[in-house]
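# Tertiary structure, described
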Amino acid sequence: DEDQIVYSDLTEQFASSISTIIDSISIVLIAFGAISLVVSSIMIGIITYVSVLERTKEIGVLRSLGARKKDISRVFNAETFLIGLVAGLLGVGISYLLTIPLNIIFSNALSGMMSNIADLSIIHALALVAISVVLTLISGLIPARMAAKKDPVEALRMEA
């Protein structure tokens, strides 16, 4: 009986230590993720800006065919929306796939005491996808406005 109590206490302490370590790792990963999101947002803005520069003739053609400034802006905003949606879904999908081996490893290491340590709820997954979309839309706003302001005559005169 005493051996069982000591074993139970040790496993509880081990499980508590593992939880503390996982919480600490989570905080570091969240900070790393936040920095990555900022850098990614800047890069998406730059890529969209380069896209505007490279597609100047296309913008001129669209404007000469009657597309309004709002329509040109919507084209680039739609592209950044799709980038954010696909990136968010891909990130959430990879996260879900990584939880499977992590849970197996922890379950085996802790003799089945703690199962499903790594878990991503549907609500959090949807929130992450929404954050991805919002950040990419914000990143693409300035380049989309630049595209909308291009003069159609000047845009058609540009060398490719």
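Here is a short report on the structure shown in this document. (Residues numbered from 1 in each chain as written. Predicted model: local features only at pLDDT ≥ 70, side-chain atom pairs only at ≥ 80, totals over all residues. Heavy atoms only, no water.)

Attention now moves to the overall build of the protein. Per the secondary structure count, the protein includes five helices and zero strands. Beginning at the N terminus, the succession of helices and strands in the protein can be written as α-α-α-α-α. Relative to its length of 160 residues, the protein is extended, with a C-alpha radius of gyration of 25 Å against a globular reference of 15 Å. Dimensions of the protein along its principal axes, counting C-alpha atoms only, are 90 × 20 × 20 Å. When burial is assessed residue by residue, the protein has 26% of its 160 residues classed as buried. (Helix = DSSP H or I, 4+ residues; strand = E, 2+ residues; numbered from the N terminus. Rg over C-alpha atoms; globule rule 2.2 N^0.38 Å. Buried < 20%, exposed > 50% of the residue type's maximum accessible area, 1.4 Å probe, protein only.)

Glancing now at helix α4 (residues 122-149). The end-to-end C-alpha distance of α4, which contains 28 residues, comes to 40 Å, matching closely the 40 Å that a straight helix rising 1.5 Å per residue would cover. Along α4, the helix axis deviates most sharply at Leu141, where the bend reaches about 40°; the proline Pro143 sits within four residues downstream. Residues Ala125, Val129, Ser132, Val133, Thr136, Ser139, Gly140, Pro143, Ala144, Ala147 and Ala148 constitute the buried set of α4. (Expected span 1.5 Å × (residues − 1). Bend = angle between axes of the 7 residues up to and from the residue.)

For the largest pocket, the calculated volume is near 1400 Å³. In terms of lining residues, the largest pocket is bounded by 33 residues, among which Leu29, Ile30, Ser95, Leu120 and Leu128 are the most central. Where the lining of the largest pocket is concerned, the elements lending two or more residues are α1 (2-54), α3 (69-109) and α4. In terms of residue count, the dominant contributor to the lining of the largest pocket is α1 (13 residues). Of the residues contributing to the lining of the largest pocket, the split by class is 20 nonpolar, 12 polar and one charged. (1 Å grid on protein atoms, 1.4 Å probe; cavity = no way out; pocket = protein on both sides within 12 Å on 5 of 7 lines; lining within 4 Å. Points joined across faces, edges and corners; volume = space filled by probe spheres on them. Nonpolar A, V, L, I, M, F, W, Y, C, P; charged D, E, K, R; others polar.)

Here we take up the packing of α3 against α4. For the pair α3 and α4, the least separation of the axes is 7 Å and the interaxial angle reads 150°. Classed by the angle they form, the pair α3 and α4 counts as roughly antiparallel. Read as a crossing pair, α3 and α4 show a hand that is right-handed. Its residues assigned to classes, the contact of α3 with α4 comprises 19 nonpolar, eight polar and one charged. (Axes fitted to C-alpha atoms, helices over the stretch in contact; angles between N-to-C directions. Parallel < 35°, antiparallel > 145°, perpendicular 65-115°, else oblique. Left-handed = near helix turned anticlockwise from the far one by under 90°.)

Here the focus is the nonpolar core. Side chains of a nonpolar character, in soluble globular proteins, are inclined to be buried together. Membership of the largest hydrophobic core is limited to eight residues, which are Val52, Ile59, Ala67, Ile72, Phe76, Ala144, Ala147 and Ala148. Elements with a minimum of two residues in this core: α3 and α4. In terms of residue count, the dominant contributor to this core is α4 (three residues). Sequence-distant contacts of Ile72, that is, excluding residues within four places in its chain, are made with Ile59, Leu62, Arg63, Ala67, Ala147 and Ala148. (Core = buried A, V, L, I, M, F, W, Y, C linked by side-chain atoms within 4.5 Å. Contact = heavy atoms within 4.5 Å.)

Our next topic: the side chain of Ser73. As for its placement among the helices and strands, Ser73 is situated in helix α3. If we ignore the near neighbours within four places in the chain, the residues touching Ser73 are Ala144 and Ala148.

A few words on the environment of Ile123. Here Ile123 is to be found in helix α4. Note on Ile123: relative accessible area 67%, which makes it exposed. Separated by 80 residues in the primary sequence, Ile123 and Met43 have C-alpha atoms spaced 27 Å apart.

The next point concerns α3. Along its 41 residues, α3 runs 60 Å from first to last C-alpha, staying within 8% of the 60 Å computed at 1.5 Å per residue. Every buried residue of α3 is accounted for by Ile72, Ser73, Phe76, Asn77, Thr80, Gly84, Gly88, Val92, Thr99 and Asn103. Just past α3, the residue Ser111 takes up positive phi, approximately 55°.

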